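Understanding the architecture of this molecule
Now for the letters of each chain:
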Amino acid sequence: MALEFLVPVAAAVSALTVFVVGDRLRPQSWRQTSDEASGTLVLDLIKTFFTAVVAFVVVICWQQYQSAHNHTVAESKALVDTYAAAQELPDPDRQLVQSSVRGYTDQVVTGEWAVMDTEHRLSPLTQDTFDTLRADVAALPSGDAAADTLAGLDRVAQARHDRAMDTGGGVPGFLYLALCFGTILLLLSPVLSGLRVTRRSVAMTVLLGVVVGAAVLAIHNLDRPFSGGNRVPRDAYEYALSRFEQIGERTPNPAPATAIGVGDVPHR
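Attention in this report is confined to the structure presented alongside it. This is a predicted model, so every value here is computed, not measured. Numbering of residues starts from 1 in every chain and runs along the sequence as written. For this predicted model, a pLDDT threshold of at least 70 governs which residues receive local features, and a threshold of 80 or more governs which side-chain atom pairs are given and counted, while totals over whole chains, interfaces and linings are taken from all residues. Side-chain numbers come from the whole structure's heavy atoms, not from hydrogens or water.

Structural notes on the overall build of the protein
Rules: Counting from the N terminus, the helices are the DSSP runs of H or I reaching at least four residues and the strands are the DSSP runs of E reaching at least two. Remark: exposure states derive from per-residue accessible area (1.4 Å probe, protein chains only) relative to the maximum for the residue type, with buried under 20%, exposed over 50%, and partly exposed in between. Only heavy atoms enter the contact rule, under which two residues are in contact if any of them lie within 4.5 Å. Method for areas: the Shrake-Rupley scheme with a 1.4 Å probe, in which residue coverage is limited to the protein chains shown.
Tallying secondary structure elements over the protein gives eight helices and zero strands in all. Overall, the protein shows an N-to-C arrangement of helices and strands of α-α-α-α-α-α-α-α. Here the protein holds 268 residues, and 30% of them are scored as buried. Look at the contacts in the protein between residues 6 or more apart in sequence, and 78% of them connect residues 24 or more apart. Summed over its atoms, the accessible surface of the protein is roughly 17100 Å², and 63% of this surface lies on carbon and sulfur atoms.

Set out below in structure tokens:
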């Protein structure tokens, strides 16, 4: 914190020192009779600073949003793979695992999504449901179907961990401070430029406020991907629930029939 405060102060002192010393050393022909040039320089710097900060923050927020959406897609794909792999399990293990996978997915859609929005974390109740499901699959007798089902749950666990990181993430605090500082300076720019109050200047100032407010609102909505006005949709999990229904309509593969030997062929 001390370094973040000292660096801008040192830069301001350095700029002032260079300005005062340079004013004494520069030729008389370089001097200007008014301070309009300095005002224009400062205003251009303020606009450039605000634009750069907004662009940088928007890029970070959009990358976080896209990453969070990709993690939900990865988790839903792993859930579908797990459900399909459990289709090869014998009853009643198949019914138990598929019912638990369906229940977990439904719990994510109906319960955990609201928790991520309000509390910025995953639901402990949904986590317990997933842990129980994983323990049940791990306790199944060894076999190809059980191994494939457990491998699918491992991918679900990894994607769920990524989603937990996305839920708690956000724009770094120092960027928010820079954004607030640039916003204040930009809103003060009409006063700093000495603009007269006319109908045109009032209209342009209102337009400036609308643009600045829209930019700040867009950043606020994109700050956390699972909360705010622009949240990651639940469509990946809803599609997974529909796929469960389609997979469940298939008849599980029956056990292979015993081969009939040549000597067992019935005689007419």
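Overview of the pattern of salt bridges
Note the cut-off: Any Lys or Arg side-chain nitrogen located within 4 Å of an Asp or Glu carboxyl oxygen qualifies as a salt bridge.
Under the defined criterion, the tally for this structure stands at nine salt bridges. Here Asp-117 ties to Arg-231 by a salt bridge, and the two come within 3.0 Å at their closest N and O atoms. Linking Asp-117 in helix H3 (residues 93–119) with Arg-231 in the loop between helix H7 (199–223) and helix H8 (235–248), this pair joins segments that are 114 residues apart in sequence. Here Asp-154 and Arg-134 are joined by a salt bridge, their closest N and O atoms 2.6 Å apart. Of the two residues, Asp-154 sits in helix H5 (residues 144–168) while Arg-134 sits in helix H4 (residues 124–138), which places them 20 residues apart along the sequence. Residue classification places Asp-154 among the partly exposed residues on the basis of a relative accessible area of 35%.

Examining the packing of H3 against H8
Spelled out, the test is: To obtain an axis, a line is fitted to C-alpha atoms, over the contacting stretch when the element is a helix, and the angle between two such axes runs from 0 to 180 degrees between their N-to-C directions. Each angle gets one of four labels, with under 35 degrees taken as roughly parallel, over 145 as roughly antiparallel, 65 to 115 as roughly perpendicular, and the rest as oblique. With the far helix as reference, a near helix turned anticlockwise by less than a right angle produces a left-handed crossing, and one turned clockwise produces a right-handed crossing. Note on residue categories: nonpolar means Ala, Val, Leu, Ile, Met, Phe, Trp, Tyr, Cys or Pro, charged means Asp, Glu, Lys or Arg, and polar means any other residue, Gly included.
Their axes nearest at 10 Å, the elements H3 and H8 cross at an angle of 155°. Comparing their axes, H8 and H3 come out roughly antiparallel. The element H3 and its partner H8 pack so that their crossing is left-handed. Here H3 contributes Val-101, Arg-102, Thr-105, Asp-106, Val-108, Val-109 and Trp-113 to the contact with H8, which in turn contributes Tyr-237, Glu-238, Ala-240, Leu-241, Phe-244 and Glu-245. Per-class residue counts for the contact of H3 with H8 are eight nonpolar, one polar and four charged.

With respect to the packing of aromatic side chains
The condition is simple: Any Phe, Tyr or Trp ring, taking Trp's six-membered ring, that has another such ring centre within 6.5 Å forms a pair; planes under 30 degrees apart are called stacked, those over 60 apart edge-to-face, and the others tilted.
Applying the stated criterion across every chain, the model contains six aromatic pairs. Relative to Phe-244, the ring of Tyr-83 has its centre 4.4 Å away and its plane inclined at 20°; by these criteria the two rings are stacked. Separated by 161 residues along the polypeptide, Tyr-83 in helix H2 (residues 36–86) and Phe-244 in helix H8 bring together distant segments of the chain. By relative accessible area, which is 0% here, Phe-244 ends up buried. With 5.4 Å between their ring centres and 50° between their planes, Tyr-104 and Phe-130 make a pair best called tilted. Taken together, the residues Tyr-104 in helix H3 and Phe-130 in helix H4 connect sequence positions 26 residues apart. An aromatic cluster is present here, built from Trp-113, Phe-226 and Tyr-237 joined pairwise through their rings.

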